[in-house]
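# Observations on the three-dimensional arrangement
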Amino acid sequence: MKYPDEPDSLCTLSIIEPIVQEVFELDCQNKLEEDFLENLEIEDKETKVFHDARISKKSFTVGQKVLLHHSKLKFFPGKLHSHWLGPHVITKFFAHGAVEIQSLKTNNTFKVNDHQLKEYRKGFQTEHVESMDLEDPIL
């Protein structure tokens with residue numbers, strides 16, 4: 001067996017030193033990757049909390065009027081066409097968010113997911129609007 005002091009030995013410091021340096025650099029890269037992934041997970045969690053706080057919770061009751069999202073695929077949708085159909089009345093709830101609704105116009109019943117519904121609000125009522133005459137400005 002040859003000793004590290006001998007010039008033709010495989011264990012000389014000139015051969016070992018670059019290997020140790022390469023292992024050290026790989027270890028540093030792994031630590032940087034771990035830190036990056038850890039920071040990425042933290043940012044993902046914070047982003048999820050931020051967005052989840054802004055999601056409005058929908059709660060419907062039987063007999064409530066709702067609008068149904070019109071999800072037919074249209075190649076040339078018009079800008080002024082409404083994406084909501086209705087009003088409909090909720091008649092029954094099923095498991096996993098399924099809802100049975102009944103059309104007020106045709107009395108047909110549909111079974112849809114509650115994500116396709118939004119609360120129906122009546123339009124602006126003009127009978128309670130007051131009018132006020134404005135005077136000409138004095139110059």
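For the structure, check the block above.
In short, a report on the structure.

## A short note on the pairing of strand β3 (residues 98–103)
Pairing between strand β2 (residues 84–93) and β3: five bridges, direction antiparallel. Across the sheet, I90 pairs through a bridge with I101, a residue of β3. Counted along the chain from β2 to the antiparallel partner β3, the turn is four residues long, and its residue H96 has a positive phi close to 60 degrees. Inspection of the sheet shows β3 paired to strand β4 (residues 109–113) by five bridges, in the antiparallel sense. In the strand pairing of β4, A98 is matched with N113.

## As for the side chain of Q64
Mapped onto the secondary structure, Q64 falls in the loop between α1 (13–53) and β1 (65–69). Within the structure, Q64 has its side chain in polar contact with the backbone nitrogen of T61 (distance 3.0 Å). With residues up to four places along the chain from it excluded, the contact list for Q64 reads S59, H88, V89, I90 and E119.

The rules behind the values
- Residues numbered from 1 in each chain as written.
- Predicted model: local features only at pLDDT ≥ 70, side-chain atom pairs only at ≥ 80, totals over all residues.
- Heavy atoms only, no water.
- Pairing = 2+ DSSP bridges.
- Helix = DSSP H or I, 4+ residues; strand = E, 2+ residues; numbered from the N terminus.
- Polar contact = N/O pair within 3.5 Å; in protein donor to acceptor, adjacent residues only side chain to side chain.
- Contact = heavy atoms within 4.5 Å.

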